[in-house]
Amino acid sequence: MSAVLILAGRELRDGLRNRWVVAAAVLLAALALALALLGSAPTGTIGAAPLAVTVVSLASLTTFLIPLIALLLSYDAVVGEIERGTMLLLLTYPVARWQVVVGKFLGQVGVLGIATLLGYGAAGVLLAVTVDDPGGWQPFAAMIASSILLGAAFLALGQLASTVVRERATAAGLAVGLWLALVLLYDLALLGVLAATDGSGISGDLVATLLVVNPADAYRLFNLTGFGDVSRFAGLAGLGDQMAVSPALALAALAAWVVGPLIGAWLVLERRQL
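Fair warning: this is a prediction, and the values are worked out from it, not measured in the lab.

(A) Summary view of the pattern of salt bridges. Counting across every chain of the model gives 8 salt bridges. The partner of D187 in a salt bridge is R220, with the nearest N and O atoms 2.8 Å apart. One end of the pair, D187, is in helix α9 (residues 168–196); the other, R220, is in helix α11 (residues 215–225), with 33 residues separating them in the sequence. You'll find D187 and R220 in the same group, each marked buried. Three or more residues are tied together by salt bridges with common partners; here these are R10, E11, D14, R17, E81 and K104.

(B) Molecular detail of the layout of surface pockets. The volume enclosed by the largest pocket comes to roughly 280 Å³. Lining the largest pocket are 16 residues, and of these E11, D14, N18, L73 and D76 sit closest to its centre. Elements with a contribution of two residues or more to the lining of the largest pocket: α1 (2–17), α4 (50–74), α5 (79–84) and α7 (97–130).

(C) View of the nonpolar core. Of all hydrophobic cores here, the largest spans 61 residues; its most connected members are L58, F105, Y120, F140, M143 and F154. With 12 residues, α4 is the largest single contributor of residues to this core. Apart from the residues lying within four places of it in its own chain, the contact partners of Y120 are L28, A32, L58, L61, T62, F140, M143, I144 and S147. Formed by 5 residues, the second largest nonpolar core is a distinct cluster that contains L190, I202, L211 and L221.

(D) Up close: the environment of L65. By the secondary structure assignment, L65 is in helix α4. Between the C-alpha atoms of L65 and V183, which are 118 residues apart in sequence, the distance is 9.7 Å. Residues contacting L65, with those up to four places away along its chain left out, are L27, L28 and L31.

(E) Inspection of α9 at higher detail. For α9, which comprises 29 residues, the first-to-last C-alpha distance of 39 Å matches the rise-based estimate of 42 Å (1.5 Å per residue) to within 8%. Maximum bend of α9: about 45°, positioned at L185. Of all the positions in α9, only A171, A175, W179, L182, V183, D187 and L190 are classed as buried. D198 occupies a position one or two residues after α9 and carries a positive phi of about 55°.

(F) Spotlight on the packing of α7 against helix α8 (residues 137–164). Orientation of α7 relative to α8, taken along the N-to-C sense of each, is 150°, at an axis distance of 9 Å. Viewed along their axes, α7 and α8 adopt a mutual orientation that is roughly antiparallel. Crossing geometry of α7 relative to α8 is assigned as right-handed.

(G) The arrangement of α11 in detail. α11 sits mainly inside the fold: 11 of its 11 residues count as buried. Taken as a whole, α11 has its buried residues at P215, A216, D217, A218, Y219, R220, L221, F222, N223, L224 and T225. Near the N-terminus of α11, the side chain that reaches the backbone nitrogen of A216, with its oxygen 2.9 Å away, is that of N214.

Definitions and limits used
- Residues numbered from 1 in each chain as written.
- Predicted model: local features only at pLDDT ≥ 70, side-chain atom pairs only at ≥ 80, totals over all residues.
- Heavy atoms only, no water.
- Salt bridge = Lys/Arg side-chain N within 4 Å of Asp/Glu carboxyl O.
- Helix = DSSP H or I, 4+ residues; strand = E, 2+ residues; numbered from the N terminus.
- Buried < 20%, exposed > 50% of the residue type's maximum accessible area, 1.4 Å probe, protein only.
- 1 Å grid on protein atoms, 1.4 Å probe; cavity = no way out; pocket = protein on both sides within 12 Å on 5 of 7 lines; lining within 4 Å.
- Points joined across faces, edges and corners; volume = space filled by probe spheres on them.
- Core = buried A, V, L, I, M, F, W, Y, C linked by side-chain atoms within 4.5 Å.
- Contact = heavy atoms within 4.5 Å.
- Expected span 1.5 Å × (residues − 1).
- Bend = angle between axes of the 7 residues up to and from the residue.
- Axes fitted to C-alpha atoms, helices over the stretch in contact; angles between N-to-C directions.
- Parallel < 35°, antiparallel > 145°, perpendicular 65-115°, else oblique.
- Left-handed = near helix turned anticlockwise from the far one by under 90°.
- Polar contact = N/O pair within 3.5 Å; in protein donor to acceptor, adjacent residues only side chain to side chain.

Next up, the structure:
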């Protein structure tokens with residue numbers, strides 16, 4: 001286990017030196033602060049809680065931005081080491097290949113987690129000073145924690161992509177393809193099928209299953225239907241009542257997207273000739 005922690009610490013230090021934490025935190029903080037300020041503007045006329053408005057806005061932003069940051073952070077984790085020749089050197093030490101995968105993953109989760117906490121924490125500080133909404137902090141905290149879990153799922157996918165290809169350029173293209181497929185095209189395809197069949201060709205349970213098996217949609221379901229004020233403002237209260245997707249199930253689906261790709265990355269790396 002010490003080898004895993006050493007590798008995680010090295011990955012975290014590399015992220016700090018490469019300014020990943022600073023760049024991601026500044027980007028997330030800028031967007032989160034803008035949404036926190038703008039999102040509270042309509043609450044006086046529609047009666048929505050300021051924190052509920054902010055959670056809806058930030059959850060929508062996170063669905064697109066965090067997966068992209070995670071994939072950019074992890075796509076060359078393994079193939080980059082192999083291309084530079086440092087993987088062979090690393091494996092001359094008493095380090096197992098699974099420890100390389102897990103250590104790099106934990107270090108990258110640390111990088112993304114720090115950036116997310118700093119970025120969204122800035123919006124939280126602003127809201128704590130400007131609004132009085134004690135009941136809204138639970139969904140806000142859950143949104144931050146689940147955002148890190150969503151990032152971890154896409155970090156694991158990036159690790160897997162990095163082990164199955166031979167060149168960094170191919171890994172970059174695969175990472176972009178994963179982002180497009182899971183974040184954009186998946187929902188468009190599902191909407192297209194529903195529109196083509198007028199909603200009669202697919203049952204509600206099947207739609208719920210198709211949504212929860214996608215990490216981006218599982219994240220949306222957890223944050224936008226799991227809390228009363230948030231779901232009402234997001235317009236998904238009815239959807240949350242009709243679909244048998246509990247917050248625990250959505251979180252379990254996200255956790256599965258962390259564990260599954262990591263196991264896949266380890267198995268591929270074990271069989272790969274370096």
